[in-house]
Amino acid sequence: MIKWLQEKGEQTFQGINARSPTKKKGGADEENLSEQSDEEEAAPDLPAKTDLVRQHMQKYARTSVSAEAYGMYNQKAAFKPRVIAKNEDQKLRILNRLSQAFMFSALDDNEKEIIILAMEEKKFRQGDKVIVQGDDGDDLYVVDSGTLSCFRKSKKDDQENFLKTYTAGDAFGELALLYNAPRAATIIADGDCTLFALDRQTFNHIVKDAAAKKREKYEHFLSRVELLDTVDPYERSKIADALKPMKFRAGEYVVKEGENGDTFFFIEDGEAYATKKRPDNTQETVYNYKVGDYFGELALLKNTPRAASIRAKTDLSVVALDRFSFKRLLGPLDEILKRNFARYEKYSQI
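Owing to the predicted nature of the structure, the values given are computational and were not obtained by experimental measurement. (Residues numbered from 1 in each chain as written. Predicted model: local features only at pLDDT ≥ 70, side-chain atom pairs only at ≥ 80, totals over all residues. Heavy atoms only, no water.)

**A word on the overall build of the chain**
Step number 1: Along the chain, the regular secondary structure elements total 12 helices and 16 strands.
Step number 2: When burial is assessed residue by residue, the chain has 40% of its 350 residues classed as buried.
Step number 3: The long-range share in the chain, meaning contacts at least 24 apart out of those at least 6 apart in sequence, stands at 75%.
Step number 4: A total of about 19800 Å² of accessible surface is found on the chain, and carbon and sulfur atoms cover 49% of it. (Helix = DSSP H or I, 4+ residues; strand = E, 2+ residues; numbered from the N terminus. Buried < 20%, exposed > 50% of the residue type's maximum accessible area, 1.4 Å probe, protein only. Contact = heavy atoms within 4.5 Å. Areas by Shrake-Rupley, 256 points an atom, 1.4 Å probe, with all protein chains shown as cover.)

In structure tokens form, the structure reads like this:
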């Protein structure tokens, strides 16, 4: 990088010396100097070559380092999480809410303790906007009590559309911290609410890596599910947070034919097979599942009996999503399917 900047400075210096008083507009010399200020071009004494190199190095060093990136120009300080005094009741309430929030499901006990000590209790009244779509964000929130409504503006008509209601145990505001992006939605308190806020620094060091890896991994799975192809990226990321890992030993049933189903499965590792009962009560293998396959997706839509039994052929690792969690995150799936009426008609008749 430094070598390139030195060469850039050398080229710029040569371009300045070679420039004629009546340079052609849009020529190579003007392109080399397009990033210099008007004051520099009008100065009677040209800066030294080393000054030009230094200016270019400073400019490119600034623009290539983001708020969350670290390198030779931006050294990462040792992390020291904030500690906010709490009584035992507050600690227990936070621990209880963390156990309900999908975002924190992968944390161990020590990491949860750091989160508990770093969280700050905040209270809001009816109508208060906790976060606003488009604003920068520095906190993640976990709901302790009360309800809040989530709205998002449509790109087509700039209308605020209601998405969902947040209740005790729900978390929101993590997208701005995960991706250094503006707030993706507006959250408004329906009445008096108590929230626990987690700061960006603690989130980045304790939660972010695990959450981002989980999200990226499972979003790839979800993008392949036809039933969910009307779900937008924001909603898909929320579903990814809700997926829960499960393990089965070879020969164990994952689902049984005829049972009511409310859970959808992705295979992370191992193999499984589907069987259906014949009229003579023997079992017929009708399908084999491998890594990346999924089954049970109709359980997200309606409480219908399982059409087949699924058993683990080998030791099996899956991630699962139940209908209650899906509805809690995004609302009823049939409302999402209505975005594509043909798709809704197809599945509503099953």
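**A word on the environment of Val207**
Step number 1: Relative to the assigned elements, Val207 resides in helix H8 (residues 200-222).
Step number 2: Residues Val207 and Ile115, 92 residues apart in the sequence, show an inter-C-alpha distance of 8.8 Å.
Step number 3: Val207 has contacts with Met103, Phe104, Leu107, Ile115, Leu198 and Thr202, leaving out every residue within four places of it along the chain.

**Let's talk about the nonpolar core**
Step number 1: Core analysis: the largest hydrophobic core is formed by 22 residues, its most contacted members being Phe104, Ile115, Met119, Leu140, Leu198, Phe203 and Val207.
Step number 2: Listed by contribution, the elements that provide at least two residues to this core are helix H5 (88-100), helix H6 (109-118), strand S3 (139-145), helix H7 (174-179), strand S8 (193-199) and H8.
Step number 3: With five residues, the single largest contributor to this core is H8.
Step number 4: Those residues within four positions of Leu198 in sequence are excluded, and the remaining contacts are Arg82, Phe104, Ile115, Ala118, Met119, Asp138, Asp139, Leu140, Phe203 and Val207. (Core = buried A, V, L, I, M, F, W, Y, C linked by side-chain atoms within 4.5 Å.)

**Concerning H5**
Step number 1: Relative to the 18 Å expected for 13 residues at 1.5 Å per residue, H5 spans 19 Å between its end C-alpha atoms, a close match to the ideal helical length.
Step number 2: Residues Gln90, Ile94, Arg97 and Leu98 constitute the buried set of H5. The buried residues of H5 occupy one face: seen down the axis, they fall within an arc of 105°. Among the exposed residues of H5, those pointing more than 90 degrees away from its buried face are Glu88, Leu92 and Ser99.
Step number 3: Contact partners of the buried residues in H5: H6, strand S1 (120-124), S3 and S8.
Step number 4: Where H5 starts, the residue carrying a side-chain oxygen 3.1 Å from the main-chain nitrogen of Asp89 turns out to be Asn87. (Expected span 1.5 Å × (residues − 1). Arc of directions from axis to C-beta. Polar contact = N/O pair within 3.5 Å; in protein donor to acceptor, adjacent residues only side chain to side chain.)

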